[in-house]
Structure formats: structure tokens, C-alpha cells
Amino acid sequence: MEPRFGSKNEKPWSKERPSLRQTQHKFSRMMSDDNQDTFKSVSRKPGLQIWTINNMQMVPVPAQGFGNFFEGDCYIVLFMSQSKGSGQSADIHYWIGNSSSQDEQGAAAIFVTQLDEHLGGGPVQYREVQGNESPRFRSYFKNGLIYKKGGVASGFHHVDTNVYNVLRLLHVKGRKHVTASEVEVSWSSFNNGDIFLLDMGKAIVQWNGPQSNRREKLKAVLLAQDIRDRERGGRAQIGVVEGADEKDSPELMKVLMAVLGQRAGPLKEALPDDRSDEVQNTSVRLYHVFENSGNLVVQEVATQPLTQDLLHSSDCYILDQRGSNVMVWKGKQASKEERKEALNRAVGYIKAKNYPSSTSVKVMTEGGESAMFKHMFKSWSDRGQTQGLGSAYSMGKIAKVEQVKFDVMELHARPELAAQQRMVDDGSGDVKVWRIEDLELAEVNPSTYGQFYGGDCYLVLYTYQISNQQQYILYMWQGRHATKDEITASAYQAVDVDNKYNGAPVQVRVVMGKEPRHFLAIFKGKLVIFEGGTGRPGVANPEGGARLFQVRGTNEMNTKATEVPSRASSLNTNDVFLLKTDHMCFLWYGKGCSGDERVMGRAMSDVLSKQDKQVVMEGQEPAEFWVNLGGKAPYASDKRLQKEEPPHSPRLFECSNQIGKFRMTEVEDFAQSDLDEEDVMLLDTWEEIFLWVGNSANQYETKEAWNSAQDYLRTHPAGRDLDTPVLFVKQGFEPPTFTGWFTAWDPHKWSGGNSYEEMKKKLSDPASLSQITVDLNNTNLNKSAVGGGYGAPGGPASSPPSYRIHGGDLSPRPSTPSSPSTQRNSSSVTLSPSSPSTGGSVMFLAPELLVNKTPDELPADVDPGLREDYLSDKDFENLLGTTRADFKRLPKWRQSDMKKKAGLF
């Protein structure tokens, strides 16, 4: 054993795990070189690819089937992404259905290892278990996951190629990550708290439990629309029934009663969610994993907070977050056998620890670590990482604050730059400062702007303009020695100021000594932080002899002076210090400081003192200098510690503290659409914490948002600084330092987005199109018809005639014989269809009638802004180069650009 592991206990167990290991060994011999041909078809283009395991082969799943998972199968999901400046990255997920066989699991595990090798060993591998999928996996399926009964064994052969020959009931759960499971088509499957979709092929009826909330209803509508668009080619109607007001939907209730029969007694009460939101776990342990005489040995290396230098390239490690996450790290110089066995070792570790089989497992290679893995470490630096734009900085004792120059207009034009630099502008806006005096606001004399005393609390209102619109930031600066009453008063007064500006200001809590970059820029190189005392007029601050100030910064944008104890041990060879005595002001220049830092030190000395200045070079100090500091003493002089803290990838969480315990759900690969109006969201950019509050957020959660941020920092496994700046952002008033972390931010989203009520109105507006009749005696409603496989999940692919018909379903009806046991009374019910974009009953148009035509040249009733909806699936893909489902996932600007190039705009 290497001595760096110390005397931690070793934990061996037999290397030969039971059946899964043996199964994999069997299949590794069965799989011939022909299997390598499988990977020749693997695309390296950015996007999603999915395979299922069928007869020891990887069988591609068509795009129309993405999001559907058979419970009896295993799947391999590959996501390729292209990041600016960092090349291509890949994530491989190995999904295990609850009813899948040991053989299928073993085969899938081998294919994952081979695919990883085929892609160069760099992808992050994830082991996913049905119902316990990782946030990353769920992020690929924004509208939700559908668990379907059956699989290869019972499986794909029974699926009718006519996708309308469907009858199933889906039980929908979740408000952030949605899952839908097929359940018995019966009222006995219903309960009062969840949402159910009765899918009849050409019609989908959504029933909302009386205790379900608006967010859950919206997610279910989006899932129903996804089924319609992805599996039915847009040709299905959707109706919504509110379980609390069923009498308001008599026609739809006739459908439900005809299919499900009459209800016998009351429905079951709401069921608690099977999977609670993730609780942040502070306990993190790092283990070294190796083999010894046929046994697998796990030796504890360290507990949190972890540092990157604990990881050695020649070894493999397991990072265990007390069972909530198990991550395997493979060093680049580890043996091929060790790297190949990483996934198996993680599974063996879980069994040895008696963790649930559903425990999340991620395997990553050195250099390809996930954001979550990096966040487990106190600091993390990627090899070859460039400094400059986007670099973060540390306020540690030695680390220096570096700031690059930038153009203000560029910040406004490129919010991603503003976000990386944490700067909304160059600080040239209007500033107003108040001090808390007798728990009320008192205006500060502008001549003393920039002077902050540790015994006070201040409010700083900053006003700037973007696109001729005024924006506001309200900083709440809290002195280290201010009273609790003053700190509380500053928060209340901030609310009053916020209300005067109609809630527009972004509120930022600033703890003394942890001032964010933009705060420094406001005061143009004249920011002075006094350790104690007060700035109140007429109140004398005790002088108390010599005072020492540390000056950091290279220009007016990033400089401040902070009072430190007047002792030699406070000095730092990398900085400029000002020693102010009764008769003199000494400028002490450390050997590691730059010329720019000396210039700013000289300017700051003029702010602090009108006395004579004497420059003192490190190593040439006069005796008087040391006398004023109480004598010589050792101080920080190690230049090796002069390094910036590299950036961490941002992470977004939905926050909840309603049950007295802080809970959060991470949103992977986040976008603006993930900011729910009913939620409080936390965006962690490491250097700053943003709290985003939706307009319809729970009042209790909004009130507790500040405490939630503190809970998050306190429980973070990397031992985060509790004084990290926290910015309070309200929906509709997001600054560029926030929006820049999102791709393609749409400032008009909140005014133009569809709420649940608006989407429901569109779906059920009888005047929008003529009525369509659904014959409940039709074979669509035969329970023996099992729903939608991969035969033709997207509907007809050939180009149809060049005309479109309203008010009638001309699709051929399936001719599957009805089952007497499921026959219902004959009845006829009307459902309201939707517009073409939301699945109306339509026949499609030939492309030549739509492409490069003015609105006047289009056929009657064609919406010029939605021409793509009138194309068949085949013509859609030929013209736009993508599937209809993938197109709908793109941001609006990207959709418009593709439509322009195709002549459909």
C-alpha cells in the first residue's frame, strides 16, 4: 500500500461477484468482432442516440420512440454535446428496466464498456435504474419518461404497426421530473392526488386529480402533446378534465365512463411521491479501489472537504456521498483492466455497503469529470485551462484578484460575458447610498461614498441602462460589528426600497470583506473597508494608534482597501499595504506586487490620508515601520499561492424548505424554460449564488429564500464560504450576470409564454375547429390493443395528397377484432380538436404549396407562421433536416432560422 493513504481501514470482499459478473463473462465470449460493426453506425454529431438490447445486439430506437422505455428491457443512451472552447463531450447511460433479465443487464454493461472504448474512453458513464434516473438522464426528456409494460421477451412482436390501435392508462407523477407508468385501465388505478392520461390513439383525455397542482397539470399537458406529436404524427385530439369539477366536462366524462365503466365508490387518496427530492448530503468519502490476491480492496483516503491532489492518475477511486451518489474516477494512467472494471467495481461496492440497487452510479475518466463531481472538491483546476475571460477569483489570504479589461457595450451584447465576469456594466451608472441609523434610512454624504465601517449597515442602490431601459441593483452591505437589530433593519428597509421601484431591483446581500466584483467597480478605486467604528456624523471613532490597510486591485474597476490587524503577520508579499500613523503614511510594496497594483496603492493612500507618504520596499523597511506594527514577525510570503481559483460549471436547483428540511432537485443541462413560475430556483455559479423567484412562487418559500441559500452553502460537501454573495432575482427583472448563464435567453418569454390555463383553453376551444366524433364502439377503445411500439411511432411517412380537410378524421381505422370482455355500450361523444400546431385533424399539404410563398399565395386556412405543421413527417425532415420532435426542442430563434433557410418563414 502506498503511504499516502495513511492508516485507514481496508475493506476487502470477494472479487467474484455473483451472477451479473458471470453473465458478463459469458457474453464477452459470445460477442464476436461483428459487434464492432455496431459502433460504426454511432454518430459523433451532437444529439441523442438510443439503443435497446435485443438478442445480444444493440438495436437502434427511432427518434419517435425516444422517451418510451419498456420495463422488461435495458437501454443504452448516448448524448453527444459540443461546448464552446472545450470540444466534444459524451455521456453514456445504461438504463435497467425493473423487469429486465440478468442476461440483458450483463449484455448492456458490456456494450457500454465497448462503446466507451470506441469513443476513446472519455465519456462519463451512468448506471440508471427505472424510477431512480439521474437528473442528467431526465434532462434529455423534458416532457417526461413513459414506462411501458413488456419488452423483448413479450415484446416488440405484438405491436400493431397502426399507432392508433392504442388503449392504455398512464399514471403521471412529478412536477419537475415527470414519469408516466402504464397501469390497469380501470377507475381502481386512479387517486385524488395525481394525473392520469387515458390514451385511445386518436384521442387523449387528461384527468387531473383534485389535489394536483397547476405545475403538475402543465407538465401532464406537455406530456400528452409530446405523445401526440412524437407517436401520432400530430394527429390526435387532447381533452382535459378537472377532477374537482367533472361536471364542467360532460362530454369528456362520457368518454371516461364509456371506457372505464361507472365508478364504484370514492377514489383512493393521494399517494406520496415514491422518490423525494434530493437532500444535499454533506458527508463525502473518497476511497482508493484496487485488487489484492483476487479480492477487491477499498481503502478510505479522505473525508470532506476534498482536494484535487488526492487523486492520482495511476489509480481508480470511488467517491461516496453517503449512498445518495457513488462516483468512480479512473486515472488516465490506470491499467486497462482497472479502467474496464470500473463499472463492475462500483456495483460491487454498492452491494458490499448494502446500498439500494437503485443507487446512482457514475463512472468518469480523468479530464472528463462532471460538474457534480468537481463540486465535491474544495477547489478544482482543469489541465491546460486558460485564464482570462470567465476566470473566477478567490478572496483567500494569498490569492490575488485579477480582472481583465472589457468593453461595456460588449457586456450588454453578450450576456454570457457579463455572467462570466459577474459585471452588468463598468460601474458608471448612478449610485445612491444610505446608512441604517436608529433602524431607519439616512442618506450618506456623496463625498464619503466608498467608505464603509464595520459597525454599520448600508444600502447601495445602483441604476444603469440596457436598451434604454432602467435596471436596478440594491446591495445590502452588512458590517461585521453591526448589531442584529441593524442587520434586520437593513433587510426590512431593502424591502421598502424594492417596493418603491415596483420590485425591479436585484437584491444582493453583501457580507463585509466579501464584496462582489461589480460592487468594487461602483466606487472607482476608492472603496475602503474599516474594521470597526461608524460613519455617522458627529460620532468620533477611537483612533487607537497605527492602522494597517491591505490594498488589492490593478485598476479602478477592481481595487479596494481593507483594514487588517496592525501586526507584521498581516503583511503579504503579493500586495500593497498602507500603514497610517499619527504623523506618517507608509506605502509598503511587497515583492510580488505589480506596477499597476503600486499605482492603485498610491491612489488609495490619497483617499485614506492627507499626511506625508513614504514608500517602503519589502526588505528595506525602516525601524519606525516595524515599531508601529509591534515588531517584526513572520508573514505570508509564498508566491506559489498566487493563483486564481478556476471556474466551476454553474448548477441549477429547484429549492424547497416546506417540511423544515432543505431539499433540492438539480436541473441538468438547464435552460430558461426550466425556471418555473411557481418555484424558487437556486443558480450556483460558485463565486455567487442567485436566488430566482417566480411570480407565482409559494409565499413561504419566497420568504425563506435567504435561509435556503444559507442552508445550501452550509451543507455543501466542498465546505463553501458562508459569506458567498447571494443575489435575489425576481422573474422578469433578470440582470445579464444571471441571463448570461442560459443559452438563448428570451426576455419576452414571461409575457408570451403559455400558462396551463392558456394551453388548456387552446386544447378545449370548441370554436377553434369543427367537432370530431369518436365512436366509442370503435376498436380504438378495445383494451386488448396494446399501445404504441416502434413499428410506426411517427405515423404515415409517405407524402400525402396536396390538400387539407377540416372537421373529419379521414385516417383509416384499424380492424382489430373486439374483445367481448372489454366491450362497452355503444355511444358517441364529441371531442374538440386543436389547431394544426396542437394536433388538429388534418391532411397534409405538398411542399410546393408552402415553400417560398407569400401569405396571399398560401391555400385557404393555412397559418403563414406555422407552415411546417402542414408538412408530412417525411417532407418535414427533408426540408428542415431534423425530426419534428427534435425541432420542437430547439429555441425559437433557432426554429425561425431553420424555417427561413427552408423557405417556410
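None of these values were measured; they are calculated from a predicted model. (Residues numbered from 1 in each chain as written. Predicted model: local features only at pLDDT ≥ 70, side-chain atom pairs only at ≥ 80, totals over all residues. Heavy atoms only, no water.)

Asker: Before we go on, may I ask you to explain the packing of aromatic side chains in this structure?
Answerer: The relative placement of two aromatic rings is captured by the distance of their centres and the angle of their planes. Summed over the entire model, instances satisfying the criterion amount to 37 aromatic pairs. Between the aromatic rings of Phe 196 and Trp 207, the centroid separation amounts to 6.3 Å while the plane-to-plane angle is 55°, which identifies the pairing as tilted. Placement of the pair is Phe 196 in strand 11 (residues 195-199) and Trp 207 in strand 12 (residues 203-208), with a sequence separation of eleven residues. For Phe 196, a relative accessible area of 1% translates into the label buried. (Phe/Tyr/Trp six-rings, centres within 6.5 Å; stacked < 30°, edge-to-face > 60°. Helix = DSSP H or I, 4+ residues; strand = E, 2+ residues; numbered from the N terminus. Buried < 20%, exposed > 50% of the residue type's maximum accessible area, 1.4 Å probe, protein only.)

Asker: Explain the pattern of salt bridges to me, please; I cannot follow it from the model alone.
Answerer: Think of it this way: side chains of opposite charge can pair up when their charged atoms draw near. Taken as a whole, this structure holds 29 salt bridges when the rule is applied. Lys 149 is the salt-bridge partner of Glu 71, the closest N and O atoms lying 3.6 Å from each other. Here Lys 149 lies in the loop between strand 8 (145-148) and strand 9 (168-173) and Glu 71 lies in the loop between strand 4 (68-70) and strand 5 (74-83), a separation of 78 residues in the sequence. Asp 575 is the salt-bridge partner of Arg 552, the closest N and O atoms lying 3.2 Å from each other. (Salt bridge = Lys/Arg side-chain N within 4 Å of Asp/Glu carboxyl O.)

Asker: Help me understand the sheet that holds strand 29 (residues 585-589), please; the structure alone is not making it clear to me.
Answerer: Each strand in a sheet pairs with another by means of backbone hydrogen bonds, the pair being arranged parallel or else antiparallel. The seven strands are arranged 21-25-27-26-28-29-30 in an open sheet whose pairing can be described as mixed. Where the open sheet ends on each side, the last strands, each with one partner, are strand 21 (451-453) and strand 30 (613-617). Geometrically, the sheet is characterised by an average inter-axis angle of 20° between neighbouring strands, direction not taken into account. Relative to strand 27 (residues 560-564), strand 26 (residues 547-552) runs antiparallel, the two being bridged by five bridges. Paired with Phe 549 across the bridge in strand 27 is Glu 563. Helix 14 (residues 595-608) contacts strand 25 (527-530), strand 26, strand 27, strand 28 (576-580), strand 29 and strand 30 of the sheet and is inclined by roughly 25° relative to strand 28. (Pairing = 2+ DSSP bridges. Axes fitted to C-alpha atoms, helices over the stretch in contact; angles between N-to-C directions. Contact = heavy atoms within 4.5 Å.)

Asker: Just to check I follow, could you spell out the side chain of Lys 362 for this structure?
Answerer: Position of Lys 362 among the secondary structure elements: in strand 18 (residues 361-365). Accessibility expressed as a relative area gives 5% for Lys 362, which makes it buried. Not counting chain neighbours up to four residues away, the residues in contact with Lys 362 comprise Gln 125, Tyr 126, Asn 325, Val 326, Met 327, Val 328 and Met 372.

Asker: Would you explain the pairing of strand 19 (residues 430-437) in this entry?
Answerer: One face of the sheet, then the other: side chains in a regular strand alternate in exactly this way. Of the strand pairs in this sheet, strand 19 and strand 22 (residues 457-466) are connected by six bridges, and their pairing is antiparallel. In the sheet register, Asp 430 faces strand 22, and the bridge partner there is Thr 463. With four bridges joining them, strand 19 and strand 20 (residues 440-443) adopt antiparallel strand pairing. Looking at strand 20, one finds that Glu 437 is bridged to Glu 440.

Asker: For this particular structure, what's the right way to read the side chain of Arg 435?
Answerer: Here Arg 435 is to be found in strand 19. The buried category is assigned to Arg 435, whose relative accessible area is 5%. For Arg 435, the side chain forms a polar contact with the side chain of Glu 437, separated by 3.0 Å. Every residue in contact with Arg 435, bar those within four places of it in the chain, is listed here: Glu 440, Leu 441, Ala 442, Val 444, Asp 456, Cys 457, Tyr 458, Gly 535, Arg 536 and Pro 537. (Polar contact = N/O pair within 3.5 Å; in protein donor to acceptor, adjacent residues only side chain to side chain.)

Asker: Help me understand unusual backbone geometry, please; the structure alone is not making it clear to me.
Answerer: Although it is not a glycine, Lys 524 sits at a positive phi angle of roughly 55°. We classify Lys 524 as partly exposed; its relative accessible area is 31%. Phi at Asn 852 is positive, roughly 55°, even though this residue is not glycine. Examined against the element boundaries, Asn 852 turns out to sit in the loop between strand 37 (828-831) and helix 21 (873-880). The exposure class assigned to Asn 852 is exposed, which follows from its relative accessible area of 64%.

Asker: How do you make sense of helix 21 when you look at a structure like this?
Answerer: In an α-helix, one full turn covers 3.6 residues, which means residues spaced three or four apart are oriented alike. All buried positions along helix 21 are accounted for by Asp 873, Asp 875, Phe 876 and Leu 880. Along the axis of helix 21, the buried residues cluster in a sector spanning 165°; they form a single face. Note on helix 21: the residue one or two positions beyond its end, Gly 881, has a positive phi of about 75°. (Arc of directions from axis to C-beta.)

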